[in-house]
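The residues making up each chain are set out below.
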Amino acid sequence: MNAPYPSSGAGSLDRPLHRIFGFSSFRPNQEQIVRALMAGRDVFAVMPTGGGKSLCYQLPAVLMPGTALVVSPLISLMKDQVDAARANGIRAAFLNSSLDFADQSAVLRSLQSADLDLLYVAPERFALDQFRELLTGCRISMAVIDEAHCISEWGHDFRPDYLSLSSLVELLPDVPVAAFTATATRKVQQDIVERLRLRDPFMLRASFDRPNLFYEVRFKEPGEAQLVSLLQGFAGQSGIIYRTSRKSVNDTAAMLQKRGIRALPYHAGLGDTERKRNQEAFIRDEVEIIVATVAFGMGIDKSNVRFVIHADLPKSVESYYQETGRAGRDGENARCIMLFSHADIPKVRFFIDAMQDEQERCRALDALSKVVAFASSTVCRRRMLLEHFDEALPVENCGTCDVCQGLHEVTDCTRQAQMVLSTIVRTDSRFGATHLVDILLGSKNQKIMEFGHDRLKVYGIGKGHDKKFWRRLIDDLIARKAVGRSEGLYPMLYLLEGGARILRGEERVEMVRIKEKKGKTAAAVRGGLDALSEADKQLFEQLRTLRKRLADEQGVPPYVIFSDKTLVELSDLQPSTPEEMLAISGIGEVKLARYATPFLEAIARHKAG
Ligand code: ADP
Ligand code: MG
């Protein structure tokens, strides 16, 4: 066969993969998808965030004659993806409303003269007769729908614009259509395939497992100290802190700024300009931290997010998975920490109770109970997450979550629970948690004295534990429906059936405690970087500064130049020739030609010094 890159069969795609992207091997499933497209077949693929979906169509787009059309929902995302493709020498452009008329015409001209490998377009283009007409006169290699769940009304990002894509298969009957998404329940999956009218597509459902993410849930402590001390373990690294309300986003960002931590807020209540500016500053490594509501994240391809902290309870297990999924796209280790407090549950319930639509309310309640179960569980986090997507973890324990690492300790607290319940009964279910704890701890405050509660049999029997312990135990008892709480300004606690069973000794109460392993957090998250010696870490910092400078000169995000993984390998292997540099992951021919000189010089200087 004479063709350098056979479009089907067993011919190797390793060479173009390395030449264009600098990768020595495919990620799981990438090669099958590339081959299916090159053989002209429709594709439907669900792959997790960071799974490497872009490469699945970018590689065939370069190898196949003509231009690949990529439909992408967000303008900001398009620009970043085009920048990243161009950095690898791919002839890419985008077409959307952010371009003025002259630029649009220029792009259309290069499309017509077949000077493009890839053209990113906004979905609404396909509703325009003029554009549709123009396409029929161009050589199109394939049509790709990225974030394809946007076409499904069952999905959470439904976009009416996507509906016009149903006619793609008629408009371009001879080219393969590929749909990619990271979020598909089976229902959404079927819906996408039907709406796009894919023709006997090659179907792929990759594992949802993200092995480089470490999951952990910690008890949320009131105040600022916990978050601040967590962040100290991540100094200098990029991360996202998710909060529920706009106000808490603003407050947390301001609190961090006051402490000299570089953080910016992001939520839908900010003006367009400010929101864009803050997002841009985060993507370009100008601030380490973005504090955000869930409005942030979709369309962010930043690959070096090293941690995601949920400072409030996520809305559902699904959204938790999506939001944590924004960490570690580059495949390097990253950490996902949820701060969980039972005290947050009533706040969420308050919003759910206010929902008008009955069906929506039920769905939200169900999602809440599942996410609480996830947070309170002592089962491997990864196993629970995967089960949520009907996927089984192939091993007993993942080894990379708090549960598997034994950071949790389960202790029997039945006796202590009985003390609480007995105190409730002896005070006729007329008091709230604070007063009950005061009785258990033998406080001598005025209220105790007025009610004569110092004469109760349970007075002071809880002195073996502190206030925090008792509050948590009461929260747990409420969460497991052993204890109920009345409505109103001064909620009173009362026994439920489950509580009566505990009191009679028919049911045991276990409580999870977190063993603090100091130092472990920061070490585990640094992963590849952590394996470097102190001297090599210095080099890493120098290369990071160099990357930032080059990125600013070219007006692109730093990760577009080299990923963190590439910088770690450069600092570790310290190549001294371009050939040696080519062996490093993420350096293809074009990046080598562009960046070998400055990086090799920096490495040589480091070696000499
Ligand atoms: P997705 O769109 O599926 O979330 P991306 O296409 O943005 O993922 O890819 C995530 C990261 O993985 C990018 O930094 C990309 O360069 C990297 N990547 C993709 N394929 C490979 C590969 N075969 N080897 C190494 N890194 C890869
Ligand atoms: Mg993507």
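What you are looking at is a predicted structure, and each value in this text was computed from that prediction instead of being measured.

Focus on the overall build of the protein chain
Reasoning step 1: Scanning the protein chain for helices and strands turns up 26 helices and 17 strands.
Reasoning step 2: Over its C-alpha trace the protein chain gives a radius of gyration of 28 Å, about what one expects of a compact globule, namely 25 Å for 609 residues.
Reasoning step 3: Structurally, the protein chain occupies a C-alpha span of about 95 × 65 × 45 Å along its principal axes.
Reasoning step 4: When burial is assessed residue by residue, the protein chain has 55% of its 609 residues classed as buried.
Reasoning step 5: A sequence separation of at least 24 residues applies to 71% of the contacts in the protein chain between residues at least 6 apart.
Reasoning step 6: When the accessible area of the protein chain is evaluated, it comes to approximately 27,500 Å², of which 51% is carbon and sulfur surface.
Reasoning step 7: Across the protein chain, 81 positive and 78 negative side-chain charges occur, with their mean positions spaced 5 Å apart.

With respect to the sheet that holds strand E12 (residues 305-310)
Reasoning step 1: Read across the open sheet, the six strands follow the order E8-E13-E12-E9-E11-E10; overall the sheet is parallel. Two strands close off the open sheet at either side, each with one partner strand: strand E8 (213-219) and strand E10 (263-266). For this sheet, the mean inter-axis angle between neighbouring strands, taken without regard to orientation, is 20°.
Reasoning step 2: Looking at chain direction, E12 and strand E13 (residues 334-340) are connected through four bridges and run parallel. Note that in E13 the partner of Ile309 across the bridge is Ile337.

Quick look at the site of ligand 1
Reasoning step 1: Taken together, 15 residues lie near ligand 1, and Ser25, Gln30, Gly50, Lys53 and Ser54 sit nearest.
Reasoning step 2: For ligand 1, an oxygen atom lies 2.6 Å from a polar atom in the backbone of Gly50.
Reasoning step 3: Arg329 has a polar side-chain atom sitting 3.0 Å from an oxygen atom of ligand 1.
Reasoning step 4: The element best represented in the shell around ligand 1 is helix H3 (residues 53-63), accounting for three residues.
Reasoning step 5: Considered class by class, the residues forming the shell around ligand 1 number four nonpolar, eight polar and three charged.

What to know about the nonpolar core
Reasoning step 1: Grouped together as the largest cluster of nonpolar side chains are 146 residues, with contacts concentrated most on Ile33, Leu118, Phe126, Leu570 and Phe599.
Reasoning step 2: Ranked by residue count, the leading element in this core is helix H26 (residues 589-608), at seven residues.
Reasoning step 3: Ignoring any residue separated from it by four or fewer positions in sequence, one finds Phe599 in contact with Leu543, Leu546, Arg547, Leu550, Phe562, Leu567, Leu570 and Met581.
Reasoning step 4: Listed in part, the 23 residues of the second largest apolar core include Leu440, Leu473, Ile474 and Val509.

Quick look at the domain arrangement of the protein chain
Reasoning step 1: Assigned domains within the protein chain: domain 1 (14-205), domain 2 (213-401), domain 3 (411-514) and domain 4 (532-608).
Reasoning step 2: Centre-to-centre separation of domain 3 and domain 4, based on C-alpha positions: 59 Å.

Structural notes on the packing of helix H16 (residues 414-426) against helix H17 (residues 433-440)
Reasoning step 1: Contact pair H16 / H17: the axes reach a minimum separation of 10 Å and the direction vectors enclose 110°. Relative to H17, H16 is oriented roughly perpendicular. Judged by the sense of rotation from one axis to the other, the crossing of H16 with H17 is right-handed. Each of Met419, Val420, Thr423 and Ile424 in H16 lies in contact with H17, whose residues at this interface are Leu436, Ile439 and Leu440.

Regarding unusual backbone geometry
Reasoning step 1: Non-glycine residue Arg197 carries a positive phi angle of around 55°.
Reasoning step 2: Along the chain, Arg197 falls in the loop between helix H8 (186-196) and strand E7 (202-205).
Reasoning step 3: Look at Arg197 and you get partly exposed, because its relative accessible area is 37%.
Reasoning step 4: You will see that Asp285, though not glycine, has its phi angle at about 60°, which is positive.
Reasoning step 5: Within the fold, Asp285 resides in the loop between helix H11 (272-283) and strand E11 (289-292).
Reasoning step 6: Here Asp285 falls in the buried class, since its relative accessible area comes to 18%.

A closer look at the pattern of salt bridges
Pairing between side chains of opposite charge can happen when the charged atoms of each approach one another.
Reasoning step 1: According to the stated counting rule, one finds 42 salt bridges in the structure shown.
Reasoning step 2: For Asp272, the salt bridge identified is with Arg275, shortest N-O distance 3.0 Å. One end of the pair is Asp272 and the other is Arg275, both in helix H11 and three residues apart, which spans about a single turn.
Reasoning step 3: A salt bridge links Glu541 to Arg544, with the nearest nitrogen and oxygen atoms 3.4 Å apart. Here Arg544 and Glu541 lie together in helix H22 (residues 534-554), a separation of three residues that amounts to about one turn.
Reasoning step 4: According to the relative accessible area criterion, Glu541 is partly exposed, its value standing at 37%.
Reasoning step 5: Given the relative accessible area of 24%, Arg544 is considered partly exposed.

Structural notes on the confidence of the model for the protein chain
Reasoning step 1: In this model, the protein chain carries a mean pLDDT of 90, and residues with pLDDT of at least 70 account for 95%.
Reasoning step 2: Per-residue pLDDT stays below 50 along residues 1-10; that stretch engages in 14 contacts with residues further than four places along the chain or on separate chains.
Reasoning step 3: Within the model, pLDDT remains below 50 along residues 518-526, and this stretch shows 19 contacts once partners closer than five positions in the same chain are excluded.

Some details on empty space enclosed by the protein
Reasoning step 1: Inspection of every chain in the model, using the stated rule, returns two cavities of 30 Å³ or more.
Reasoning step 2: One number sums up the size of the second largest cavity: a volume of about 40 Å³.
Reasoning step 3: Lining the second largest cavity, in full, are Ile240, Phe296, Gly297, Ile300, Lys302, Val305 and Arg326.
Reasoning step 4: When the residues that make up the lining of the second largest cavity are grouped by side-chain class, the tally is four nonpolar, one polar and two charged.

Digging into H11
Reasoning step 1: The first and last C-alpha atoms of H11 sit 16 Å apart over 12 residues, in line with the 16 Å expected at 1.5 Å per residue.
Reasoning step 2: When we look at burial in H11, the residues that qualify are Asn278, Gln279, Ala281, Phe282 and Ile283.
Reasoning step 3: Just past H11, the residue Asp285 takes up positive phi, approximately 60°.

Let's talk about helix H1 (residues 14-21)
Because an α-helix completes one turn every 3.6 residues, residues spaced three or four positions apart along the sequence face the same direction.
Reasoning step 1: The set of residues buried in H1 consists of Pro16, Leu17, Ile20 and Phe21. Seen from one end, H1 has its buried residues packed into an arc of 105°, which puts them on one side.
Reasoning step 2: Those residues of H1 that are buried are in contact with H3.
Reasoning step 3: Just downstream of H1 lies Gly22, where phi reads positive at about 75°.

Rules behind the numbers
- Each chain has its residues counted from 1, running along the sequence as written.
- Chain letters and ligand numbers both follow the written order, the letters beginning at A and the numbers at 1.
- Per-residue local features of the predicted model are confined to residues with pLDDT of at least 70, and side-chain atom pairs are confined, for both listing and counting, to 80 or more; whole-chain, interface and lining totals are unaffected and use all residues.
- Only hydrogens and water are set aside when side-chain values are computed; all heavy atoms of the structure are taken into account.
- Counting from the N terminus, the helices are DSSP H or I runs at least four residues long and the strands are E runs at least two residues long.
- This radius of gyration counts C-alpha atoms alone. The globule rule is 2.2 Å times how many residues there are, raised to the power 0.38.
- For every residue, the accessible area obtained with a 1.4 Å probe (protein chains only) is divided by the maximum for its type, and the residue is called buried under 20%, exposed over 50%, and partly exposed between those limits.
- The contact criterion used is simple: two residues touch if any of their non-hydrogen atoms lie within 4.5 Å.
- Surface accessibility follows the Shrake-Rupley procedure with a 1.4 Å probe radius. Residue values consider only the protein chains on display as shielding.
- Charge assignment: positive for Lys and Arg, negative for Asp and Glu; neither His nor the chain ends contribute.
- For charged residues, the charge sits on one atom: NZ in Lys, CZ in Arg, CG in Asp, CD in Glu.
- Two strands pair if DSSP finds at least two bridges between them.
- All axes are obtained by fitting lines to C-alpha atoms, using only the stretch in contact for helices, and the reported angles, taken between N-to-C directions, cover 0 to 180 degrees.
- Note on definitions. A residue lies near a molecule or strand when any single heavy atom of the residue is within 4 Å of it.
- Nitrogen and oxygen atoms within 3.5 Å of one another constitute a polar contact, given that in protein one can donate a hydrogen and the other can accept it, and given that sequence-neighbouring residues count only through two side-chain atoms.
- Under this grouping Gly is polar, as are all residues other than the nonpolar Ala, Val, Leu, Ile, Met, Phe, Trp, Tyr, Cys and Pro and the charged Asp, Glu, Lys and Arg.
- Residues belong to a common nonpolar core when they are buried Ala, Val, Leu, Ile, Met, Phe, Trp, Tyr or Cys residues joined through side-chain atoms within 4.5 Å.
- The source of the domain bounds is an automatic or database domain assignment.
- Each angle is binned into one of four classes, with values under 35 degrees roughly parallel, values over 145 roughly antiparallel, values of 65 to 115 roughly perpendicular, and all other values oblique.
- Less than a right angle of anticlockwise turn of the near helix away from the far helix marks a crossing as left-handed, whereas a clockwise turn marks it as right-handed.
- We count a salt bridge whenever a side-chain nitrogen from Lys or Arg sits within 4 Å of a carboxyl oxygen from Asp or Glu.
- Known as pLDDT, the predictor's confidence for each residue is given on a scale from 0 to 100.
- The method works on a 1 Å grid over the protein atoms by themselves. A cavity is a set of points holding a 1.4 Å probe that cannot get out, a pocket is an open set with protein on both sides within 12 Å along at least five of seven lines, and residues with an atom within 4 Å of a point line them.
- Grid points are joined across faces, edges and corners, and a volume is the space filled by probe spheres set on the points.
- One less than the residue count of a helix, multiplied by 1.5 Å, gives the span that helix is expected to have.
- Directions from the helix axis toward the C-beta atoms define the arc.

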